[in-house]
Amino acid sequence: MSSSETFKHEQPEIGTSHSFEFWRQVGLIAGSTLLSIAMLTSSVVAGGLIGLAISFRNLPDVRQIQNFLPAETTYIYDIKGKLLVGIHGEANRKVIPLDKINPNLKRAVLASEDSYFYNHHGIDPSGIGRAALVNWTAGGVREGGSTISMQLVKNLFLSRKRALSRKIAEAILAIRLEQILTKDRILEMYLNQVYWGHNNYGAETAAQTYFNKSAENLTLGESAMMAGLVQAPEEFSPFVNMNLAKQKQREVLGRMLALKWITYQEYNDALQQKIKLGKIKSFEASIFPYVTNAVAQELIKKFGRDAVVKGGMRVQATVAFDLQKIAEETIKKWHKTLEGQGLNNNQMALVAIDPRTHFVKALVGGVDSKASEFNRATQAQRQPGSSFKPFVYYTAFASGKFTPNTTVVDSPVSYPDINGSYSPHNYDNTFRGAIPIRTALAQSRNVPAVKIGKAIGINKVIETCRTLGIMSPMEPVSSLPLGAIGVTPLEMASAYATFANYGWQSPPTLIARVSDSSGNVLLDNTPKPRLVLDPWASATILDVMQSVVKEGTGKGAAINRPVAGKTGTTSSEKDIWFIGTVPQLTTAIWVGRDDNRQLAHGATGGGMVTPIWRDFMQQALQNVPIQNFKPASKFSRPKSIKK
C-alpha cells in the first residue's frame, strides 16, 4: 500500500450479509443528504479552524515527531537467536516497518477507522458528517469522525480529556502532521503506536499475542478481528468474549466489502475461517529467569533502566538454550537427590563458561527461581574452602621456585596471627610428612597449602586472585590459602577458565551483543583476550589438578576425557564445591544453605558435588570432541627471581 489508488471508494455490489445490508442502507439514506451535509460541515470546520488556529498557537510542534522513538520492548535471545524473554514497562511493543504488516490488516484498520485516509489532508469533514449520520441512524456510536492522523497526534501529544478544544487541537495538529510526513509513514507510526489490548502496543506484538504469528502473516479474518479491537480493545478481545470479537469482525468485513476492498467470496471465507488464538504474552515469565535477570541487571548498569524497558534493544546472550536447559534440569534433579541424602533446605548454583571466550554458556542461581529470585551464581558470597588452593599453587609455580614434584612437609606448624597464633590442621586430623605438591593438592592437604602460601607470600596469592577477577575483601592472614574469603560461583568458574586457557582472559560475560531495533550495534563483547597469567604455571596447575580427578578427592568427577578440577569443603560443612574444566568448558557447582547453617555432618565436595558435575558435563559434552590439555613443556618455565 503506497498510494490512495489502493483504496478506491466505489459503489459496492449488493450482498446478503447483515453487516453489508447495514452499510447499504446507510448509503441509501446518506445518498440524498451527504453532499449538502459535507459541504456545510466543510465550510463550518474550515472556517472554524482558521479562526481558532490563532488560539492554538501554543500547541506542540509536530516536527518533533520526526525524531520520535516509541517505547519498545527489549528482547533477550540465546546465543543462537532463540527468544528467552521480552522486557518492557507499560508498553509491550515491537516496532516494524509498514511493508512487514500484512495488507489485510492495513485495509481492515483503514476500513474501520479512516476509509478516506489516502484522500484527505489530515481531517475529513465529509467523514465527520457521514459519521454523525451513521451514528444517528444506528442509534449509537458506530463510526468515529477522527482520522488516523488525528488519532496519532492525540496519542502522542494530547491528553485523553474529552472536550471540544481537544478535538480542534487534534484537527490542527493532524493538518500540520500531514504537511511533514507521507501517508505511508503516518500509517506506519499509527499501526506501531495504537493500543490493541492486554498491554500490547503496535501490530506486531498484538498479532503475536492474539494469533501467535507475525503481523506479516495475518489472514483476512484475523486482520478484521484485530481491527475491530481498536476502539475498545479489552471489551472486544477474543480472550474475553469471542462472540463480541466475531461481531466486530463481521462489521469490519462488511465495511471492507461495502468499500469494494474485498470480494463477497473473501468476505464469506474470512467469516468462516476458524480462529486459533495464541496466548497473552505481556509480562510473560522468562524461560530462564536467573539468566535473563542477570542480563537485565548488566544492561541497566550500562544503559540505564529507561533504555532497557523502553529502548527496544535486541540482546544476544551468551548462554546456549540446550545447555542451559540441561543445567536447570540437573540442578532440580540433584536438589531432590541431596535432600534424600540428608542435605535439607539445600541450595545450589551452577556456572559453565567457555574458557576460550569467557562467555557464560549456562547459569543457574538456585533450585527454584519462582520461590526465590536471589541469584546465588552471581550474588552469593560463599567460602570456597579447598577449591581456593589452586590459586596458591599457581602462584608458587609462577614464581619459578616450585614444580609439582617439589616436596612440602605435611607436619604440625604454628604461625603468629592477629588472634595470637594459627595452627592449621588437615581434614582427617593426620599428618603425612614429606610429600610432593602434586600429592598435597590431589589429597587436599591443608597444612602444605598454608606452608606454600607463607613461603611465597600471602600478598602474592592475593595479587593472583585480583588478576583472576576475585574482588572480595582479602586480608593477608595465614588461613587465606584455605579459602577463608567470600566468592561467587561465577568468580570461581571464571578463574578456573583462565587456567584452562593457559593464562588468557576476557571479562566473563552473559552478553555477547546488543543492538537497537534498527540493527545499530550498541555493545559488542567479541572476546579480546589478554595474557594475564604465566602460561607455563597455568599449564602446570592444570596438570596437577588432573591428578585431583585421577587419584584424589575429585575422583567422582572422572569422565571419559581429561578433566582438571578441585573439590572444596569448608569447616562445619557449610559450603561444598567442585570446579572442574575440560579445554572447551569450565563448570563450577556450589551447594550450601541460604541461612549458612551446616548442610550435614560429613558433607564434602568430593562426595556430593562431583557426581552432580559429572552428570552435567557428560550431557553437556555429548557432541564435543575429546581434547587433551597442553602440557607445560609447550611453554617456557619462568625464571626464579632472587630477592
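The structure displayed is predicted, hence computed values, not measured ones. (Residues numbered from 1 in each chain as written. Predicted model: local features only at pLDDT ≥ 70, side-chain atom pairs only at ≥ 80, totals over all residues. Heavy atoms only, no water.)

**What about the overall build of the chain?**
Then step 1. Along the chain, the regular secondary structure elements total 20 helices and 19 strands.
Then step 2. Taking all 643 residues of the chain together, the buried fraction comes to 55%.
Then step 3. By sequence separation, contacts in the chain at least 24 residues apart represent 72% of the contacts at least 6 residues apart.
Then step 4. When the accessible surface of the chain is summed, it comes to about 28300 Å², and 51% of that surface belongs to carbon and sulfur atoms. (Helix = DSSP H or I, 4+ residues; strand = E, 2+ residues; numbered from the N terminus. Buried < 20%, exposed > 50% of the residue type's maximum accessible area, 1.4 Å probe, protein only. Contact = heavy atoms within 4.5 Å. Areas by Shrake-Rupley, 256 points an atom, 1.4 Å probe, with all protein chains shown as cover.)

**Focus: the nonpolar core**
Then step 1. Membership of the largest hydrophobic core comes to 119 residues, with the highest contact counts inside it found for F391 and F616.
Then step 2. Sorting elements by how many residues they give to this core places helix α19 (residues 535–551) first, with nine residues. (Core = buried A, V, L, I, M, F, W, Y, C linked by side-chain atoms within 4.5 Å.)

**Examining helix α18 (residues 489–500)**
Then step 1. In a regular helix each residue adds 1.5 Å, so 12 residues correspond to 16 Å; α18 covers 16 Å between its end C-alpha atoms and thus fits that length.
Then step 2. Within α18, 11 of the 12 residues are buried, which leaves it mostly tucked inside the rest of the structure.
Then step 3. All buried positions along α18 are accounted for by P489, E491, M492, A493, S494, A495, Y496, A497, T498, F499 and A500.
Then step 4. Of the residues one or two after α18, Y502 is the one with positive phi, at around 60°. (Expected span 1.5 Å × (residues − 1).)

**Some details on the sheet that holds strand β17 (residues 564–569)**
Then step 1. The antiparallel open sheet is built from five strands, whose spatial order is β8-β7-β19-β18-β17. In the strand order of this sheet, the two ends are held by β8 (359–364) and β17, each with one partner. Looking at each pair of strands side by side, their axes are set apart by 10° on average, direction ignored.
Then step 2. Taken together, the seven bridges between strand β7 (residues 347–354) and strand β19 (residues 585–592) define a ladder with antiparallel strand orientation. Within β19, the residue paired with V351 across the bridge is A588.
Then step 3. Along the sheet, helix α13 (residues 321–340) contacts β7, β8 and β19; its crossing angle with β8, the most-contacted strand, is approximately 35°.
Then step 4. Where α18 meets the sheet, its contacts fall on β7, β8, β17, β18 (575–582) and β19, and the angle it forms with β7 comes to roughly 30°. (Pairing = 2+ DSSP bridges. Axes fitted to C-alpha atoms, helices over the stretch in contact; angles between N-to-C directions.)

**A closer look at unusual backbone geometry**
Then step 1. Of note, the phi angle at H358 is positive, near 65°, even though the residue is not glycine.
Then step 2. Secondary-structure assignment places H358 in the loop between β7 and β8.

**Notes on the sheet that holds strand β6 (residues 314–317)**
Then step 1. Spatially, β2-β1-β6-β14-β15 is the arrangement adopted by the five strands of the open sheet, whose pairing is mixed. Two strands lie at the open edges of the sheet, namely β2 (83–87) and β15 (521–524), each paired on one side alone. For this sheet, the mean inter-axis angle between neighbouring strands, taken without regard to orientation, is 15°.
Then step 2. Relative to β15, strand β14 (residues 511–515) runs antiparallel, the two being bridged by three bridges. Note that in β15 the partner of S515 across the bridge is V521.
Then step 3. Running at roughly 55° to β14, helix α11 (residues 289–303) makes contact with β1 (74–77), β2, β6, β14 and β15 of the sheet.

**What about the side chain of S149?**
Then step 1. Structurally, the position occupied by S149 is in helix α4 (residues 148–157).
Then step 2. Sequence-distant contacts of S149, that is, excluding residues within four places in its chain, are made with F117, G122, A174, L177, E178 and I186.

**Side note on the packing of aromatic side chains**
Then step 1. By the definition in use, this model includes 15 aromatic pairs.
Then step 2. A network of ring pairs unites the aromatic residues F388, F391, Y394, Y496 and F499 as a single cluster.
Then step 3. Taking NZ or CZ as reference, K183 lies 4.5 Å from the ring centre of F117, over its face.
Then step 4. Above the face of the F236 ring, K248 is positioned so that its terminal group lies 5.0 Å from the ring centre. (Phe/Tyr/Trp six-rings, centres within 6.5 Å; stacked < 30°, edge-to-face > 60°. Lys NZ or Arg CZ within 6 Å of the ring centre and 35° of its normal.)

**Comments concerning helix α8 (residues 220–227)**
Then step 1. For α8, the tally of buried residues reaches eight of eight residues, placing the bulk of the element in the interior.
Then step 2. For α8, the set of buried residues is L220, G221, E222, S223, A224, M225, M226 and A227.
Then step 3. In the core, the buried residues of α8 are packed alongside α2 (103–113), β4 (195–197), α7 (203–211), α9 (242–258) and α10 (264–272).

**Re the pairing of β18**
Then step 1. Burial of β18 is extensive: eight of the eight residues sit out of reach of the surface.
Then step 2. In this sheet, β18 lies alongside β17 in antiparallel orientation, the contact comprising six bridges. Its bridge partner being in β18, T569 is matched across the sheet by I576.
Then step 3. Bridge count for β18 against β19 is eight bridges, and the pairing is antiparallel. Looking at the pairing, F578 lines up with I589 of β19.
Then step 4. Linkage of β18 to β19, two consecutive antiparallel strands, is achieved through a turn of two residues.

**Re the packing of helix α14 (residues 389–398) against helix α17 (residues 458–467)**
Helix-helix packing is described using two parameters, namely the angle between the two axes and the distance between the axes.
Then step 1. It is at 9 Å that the axes of α14 and α17 come closest, and there the two elements cross at 110°. Between α14 and α17, the angle is such that the two are roughly perpendicular. On the side of α14, the interface is formed by F391, V392, Y394 and T395, while α17 contributes K460, V461, T464 and C465.
Then step 2. Of the residues in the contact of α14 with α17, the class split is five nonpolar, two polar and one charged. (Parallel < 35°, antiparallel > 145°, perpendicular 65-115°, else oblique. Nonpolar A, V, L, I, M, F, W, Y, C, P; charged D, E, K, R; others polar.)

**Observations regarding the confidence of the model for the chain**
Then step 1. Averaged over all residues, the pLDDT of the chain is 87; the fraction at 70 or higher stands at 85%.
Then step 2. In this model, residues 1–6 is a region of pLDDT below 50 whose contacts with residues beyond four sequence positions or in other chains number 15 contacts.
Then step 3. A low-confidence stretch, residues 8–44 (pLDDT under 50), is modelled with 54 contacts involving residues beyond four sequence positions or located in other chains. (pLDDT = per-residue confidence, 0-100.)

**Examining the environment of R255**
Then step 1. Relative to the helices and strands, R255 is located in helix α9.
Then step 2. Along the chain, R255 and A108 lie 147 residues apart, while their C-alpha atoms are 8.6 Å from each other.

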